[in-house]
Amino acid sequence: MPDGSATTVASPGWAMHKGNMQRISAFAETTALMGDPSRANMLFALMDGRALSAGELARFAGVTPQTASGHLGKLAEAGLVVPTRQGRHRYFRLASPSVAQMVESVMSVAEELSGRPLPSTGPRDAALRRVRTCYDHLAGEIAVAIAGRMAERGQLVLSHDGAALTDAGSALLVEMGIAADIIRAPCRSCLDWSERRPHLAGAAGTALYRCFVDHAWFRQREGTRALEITRSGEAALDRWFGIRA
């Protein structure tokens, strides 16, 4: 090395500190975006997995289309929503299941820490509390009952921190017509907003939801995340899980 020259080497501790600061900054930016009531309403409206137009989201948020466009631009730039153009319209959807899980978790924690006595948690609408979509899987009383019954029967190892199908659980889903390769993909638990107990999410949770919809056991209610249980759905819940709807 030539005389008079110097080389500064960042210590591992500094690199770790810098990485933590970047993560904290990203966390602060994301929570600030969600902290605006209009943007929070838009994210909540997208929780059923559908793509909605900017005009529809403006009505959900109670703002003008111009204001909604600005909010959606910020959400898209942050990677929370994804825009798709179809003809003259632009539609928006949540960017990923992890975003949906974050929204549902924040709603749950916000109610728990609100400081106000709450007679109940989650949505007030009885239909939403009964069974609804949580982005790409089932939520509500029925979803929690399914997960609980599978755990009781040794088909699912379930906790607030995770979930895993047992061989018996995989066999059950295969018997229901769900492809074995989907079942082998990781599954997880998701703390239910209204029930405060875990329901099944991840690949297995999504496959189970699609199975119920494809067989017309559950039907999506127009303009809401609530699902309607059909007569054949009542029979399916009883047959496969021993649940009387």
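Heads up: the structure comes first, above all this text.
Every value quoted in this text rests on a predicted model; they were computed, and no experiment measured them.

Colleague: Lay out the pattern of salt bridges with the relevant residues and their values.
Modeller: A side chain of one charge can pair with a side chain of the opposite charge when the charged atoms of the two come close. Under the defined criterion, the tally for this structure stands at seven salt bridges. With its nearest N and O atoms 3.3 Å apart, the salt bridge here joins D192 to R132. Taken as a pair, D192 in the loop between β8 (187-191) and β9 (198-201) and R132 in strand β4 (residues 132-134) lie far apart in primary sequence, 60 residues in all. Judged on exposure class, the residue D192 and its partner R132 are both buried. A salt bridge links R149 to E152, with the shortest nitrogen-to-oxygen separation between them at 3.2 Å. In this pair, R149 and E152 are both assigned in helix α7 (residues 141-152), three residues apart and thus about one turn of the helix distant.

Colleague: Help me get a handle on unusual backbone geometry, residues and values and all.
Modeller: Trans peptide bonds make up most of the peptide bonds, and negative phi angles are found at most residues other than glycine. Although it is not a glycine, Y135 adopts a positive phi angle of roughly 65 degrees. Positionally, Y135 belongs in the loop between β4 and β5 (137-139). A positive phi is found at A216, a non-glycine position, where the angle reads about 60 degrees. Mapped onto the elements of the fold, A216 is located in the loop between α10 (202-214) and β10 (218-220). The class for A216 is partly exposed, based on a relative accessible area of 36%.

Colleague: Can you break down the state of the cysteines residue by residue, with the values?
Modeller: Going through the model one piece at a time under the given rule, you end up with zero disulfides. The thiol sulfur of C190 is not disulfide-bonded, and the nearest other cysteine sulfur, from C134, lies at 4.2 Å. By relative accessible area, C190 is classed as buried at 2%.

Colleague: Go over the packing of aromatic side chains with me, naming the residues and quoting the values.
Modeller: Applying the stated criterion to the full structure yields three aromatic pairs. Joined through ring pairs, the aromatic side chains of F212, W217, F218 and F241 make up one cluster. Seen from the ring of Y209, R210 lies directly overhead, with NZ or CZ sitting 5.5 Å from the centre.

Colleague: Tell me about the nonpolar core, and name the residues and values.
Modeller: Among the nonpolar cores identified, the biggest contains 32 residues, and I146, L173, M176, F212, F218, L237 and F241 are the most heavily contacted of them. When residues of this core are traced back to their parent elements, those giving at least two are α7, β7 (162-165), α8 (167-175), α10, β11 (227-229) and α11 (231-241). Ranked by residue count, the leading element in this core is α10, at six residues. For M176, the residues in contact, after removing those within four places along its chain, are L208, C211, F212, H215, W217, W240 and F241. Formed by 28 residues, the second largest nonpolar core is a distinct cluster that contains M42, L43, F92 and Y135.

Colleague: Which residues make up empty space enclosed by the protein, and what are the values?
Modeller: The full count for this structure, using the stated rule, is one cavity of 30 Å³ or more. Taken as a whole, the largest cavity encloses approximately 60 Å³ of empty space. Looking at the largest cavity, the residues that line it are L138, A143, I146, A147, L200, G205 and L208. When contributions to the lining of the largest cavity are tallied by element, the ones reaching two or more residues are α7 and α10. Ranked by residue count, the leading element in the lining of the largest cavity is α7, at three residues. In the lining of the largest cavity, the residues fall into six nonpolar, one polar and no charged.

Colleague: Outline the pairing of strand β3 (residues 89-94), supporting the account with residue identities and numerical values.
Modeller: In this sheet, β3 lies alongside strand β1 (residues 52-53) in antiparallel orientation, the contact comprising two bridges. Residue pairing across strands places S53 opposite Y91, the latter belonging to β3. As judged from the six bridges shared by strand β2 (residues 81-86) and β3, these two strands associate in the antiparallel manner. From the neighbouring strand, R85 faces β3, where its bridge partner is R90.

Calculation rules
- Residues numbered from 1 in each chain as written.
- Predicted model: local features only at pLDDT ≥ 70, side-chain atom pairs only at ≥ 80, totals over all residues.
- Heavy atoms only, no water.
- Salt bridge = Lys/Arg side-chain N within 4 Å of Asp/Glu carboxyl O.
- Helix = DSSP H or I, 4+ residues; strand = E, 2+ residues; numbered from the N terminus.
- Buried < 20%, exposed > 50% of the residue type's maximum accessible area, 1.4 Å probe, protein only.
- Disulfide = S-S within 2.5 Å.
- Phe/Tyr/Trp six-rings, centres within 6.5 Å; stacked < 30°, edge-to-face > 60°.
- Lys NZ or Arg CZ within 6 Å of the ring centre and 35° of its normal.
- Core = buried A, V, L, I, M, F, W, Y, C linked by side-chain atoms within 4.5 Å.
- Contact = heavy atoms within 4.5 Å.
- 1 Å grid on protein atoms, 1.4 Å probe; cavity = no way out; pocket = protein on both sides within 12 Å on 5 of 7 lines; lining within 4 Å.
- Points joined across faces, edges and corners; volume = space filled by probe spheres on them.
- Nonpolar A, V, L, I, M, F, W, Y, C, P; charged D, E, K, R; others polar.
- Pairing = 2+ DSSP bridges.

These results come straight from atomic positions and should not be treated as a statement about function.
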